[in-house]
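# Survey of secondary and tertiary structure
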Amino acid sequence: MSEILRIATRKSRLALWQAEHVRDRLQAEWGVQVELVPLSTRGDEILDRSLSKVGGKGLFVKELEVALELGEADLAVHSLKDVPMALPDAFALACVMEREDPRDAFVSPGYAKLDELPQGARVGTSSLRRASQLKARRPDLEILPLRGNLDTRLRKLDEGGFDAIVLAAAGLKRLELGTRIRSHFALDELIPCAGQGALGIEVRAGDHALRERLASLAHTPTWLACAAEREVSRRLGGSCSMPLAAHAQWQGGALFLNVALGAPEGEQGALLRAQVSGPAADQAAAEALGARAAQALLDQGAQLPA
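Note that the structure is a prediction, hence the values are computed from the model and not measured.

Mapped onto the secondary structure, lysine 173 falls in helix α7 (residues 169–174). For the pair lysine 173 and aspartate 101, spaced 72 residues apart in the sequence, the C-alpha separation amounts to 8.3 Å. Among residues more than four places away in sequence, those in contact with lysine 173 are Glu100, Asp101, Arg103, Ile181 and His184.

Next up, the structure:
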């Protein structure tokens with residue numbers, strides 16, 4: 001391992017905060033020098049089309065993986081929700097850090113919560129997961145696409161393009177924008193996506209020494225919960241073109257996993273929901289729980305991608 005560690009990161013303000021958070025932990029706990037390698041990704045550059053139409057969330061990690069592959073960086077820090085369920089063989093998810101608030105946040109200049117919105121109100125989100133659950137609660141709403149980094153989305157709201165927007169609470173809180181949150185959606189009201197609020201650190205698969213050291217940054221309860229969530233998506237072939245929600249939380253020694261699946265993009269259909277629970281002492285047990293949840297959705301009629 002080199003004397004100086006280099007972290008590949010996206011250039012957005014939130015991504016830089018996340019990378020700086022990991023940098024500060026590494027410098028404080030390991031006593032090493034850490035440098036950031038900010039990169040622009042296709043996901044950041046393509047803002048006029050939905051992610052489901054241009055290649056999915058993997059567009060936010062590809063350039064960072066190239067930097068790892070070329071030896072220009074030693075690790076990459078991601079929002080775990082942006083990390084594909086199956087990584088290329090050359091890379092590995094070294095650890096998952098403790099999760100921030102996983103809930104979705106209701107942000108609006110004129111309304112305190114979703115139920116206060118008038119008929120036909122304009123709500124901004126480019127998440128099919130959020131759109132399907134919002135429409136299930138309020139079929140009258142006009143769900144409009146909203147891409148861009150956090151600051152861009154808030155600016156578009158402030159310019160009057162929407163009556164409200166829905167964002168991840170974690171990002172707002174990390175950037176000290178929590179005052180913009182008018183209310184939080186309950187976890188069973190608007191189920192988050194797999195990994196929401198958690199940070200994942202990716203490395204070269206063959207860098208065993210670094211992988212072992214990064215285990216010290218892992219938060220086991222978060223890692224196991226996210227393993228269950230990500231297994232649901234893996235089993236169903238999930239991507240950003242699938243309106244899939246999966247969130248696990250601990251109650252005592254058991255993990256409770258709530259999942260929901262909306263109709264495919266552009267189609268009408270009922271929102272499928274399921275909950276499974278059980279002990280999850282290790283990753284295999286957590287993934288088995290995720291497999292059970294995926295099967296519960298399949299038993300209700302969920303369709304695997306062609």
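When two helices pack together, you describe them by how their axes are tilted relative to each other and by the distance separating the axes. Where helix α9 (residues 220–236) meets helix α10 (residues 283–299), the axes come as close as 7 Å, and the angle between the chain directions of the two elements is 40°. Overall, the two elements α9 and α10 adopt an arrangement that is oblique. For α9 against α10, the interelement crossing comes out right-handed. Contacts between α9 and α10 involve Trp223, Leu224, Ala227, Ala228, Glu231, Val232, Arg234, Arg235 and Leu236 on the former and, on the latter, Gln283, Ala286, Glu287, Gly290, Ala291, Ala293, Ala294, Leu297 and Leu298. Split into classes, the residues belonging to the contact of α9 with α10 amount to 12 nonpolar, 2 polar and 4 charged.

Two pairing modes exist for strands in a sheet, parallel and antiparallel, and in both the strands are linked by backbone hydrogen bonds. Across the sheet, which stays open at both edges, the 3 strands sit in the order β11-β12-β13 with antiparallel pairing between neighbours. On the outer flanks of this sheet lie β11 (244–251) and β13 (272–279), each paired with one strand and no other. Pairwise comparison of adjacent strand axes, ignoring direction, gives a mean angle of 15° for this sheet. As paired strands, β11 and strand β12 (residues 254–261) are joined by 8 bridges and run antiparallel to one another. Note that in β12 the partner of alanine 246 across the bridge is valine 259.

On to the pairing of strand β10 (residues 199–204), then. A large share of β10 lies buried, amounting to 5 of its 6 residues. Sheet analysis places strand β3 (residues 75–79) next to β10, joined by 5 bridges and oriented antiparallel. When the bridges of β10 are listed, valine 77 appears paired with isoleucine 201. Note: strand β4 (residues 91–96) against β10, 5 bridges, orientation antiparallel. Looking at β10, one finds that valine 96 is bridged to glycine 200.

Moving on to unusual backbone geometry. Located in the positive-phi region is glutamate 176, a residue other than glycine, with phi close to 60°. Tracing the sequence through the fold places glutamate 176 in the loop between α7 and β9 (183–184). Among the residues examined, glutamate 176 registers a relative accessible area of 71% and is labelled exposed.

Rules used throughout
Residues numbered from 1 in each chain as written. Predicted model: local features only at pLDDT ≥ 70, side-chain atom pairs only at ≥ 80, totals over all residues. Heavy atoms only, no water. Helix = DSSP H or I, 4+ residues; strand = E, 2+ residues; numbered from the N terminus. Contact = heavy atoms within 4.5 Å. Axes fitted to C-alpha atoms, helices over the stretch in contact; angles between N-to-C directions. Parallel < 35°, antiparallel > 145°, perpendicular 65-115°, else oblique. Left-handed = near helix turned anticlockwise from the far one by under 90°. Nonpolar A, V, L, I, M, F, W, Y, C, P; charged D, E, K, R; others polar. Pairing = 2+ DSSP bridges. Buried < 20%, exposed > 50% of the residue type's maximum accessible area, 1.4 Å probe, protein only.

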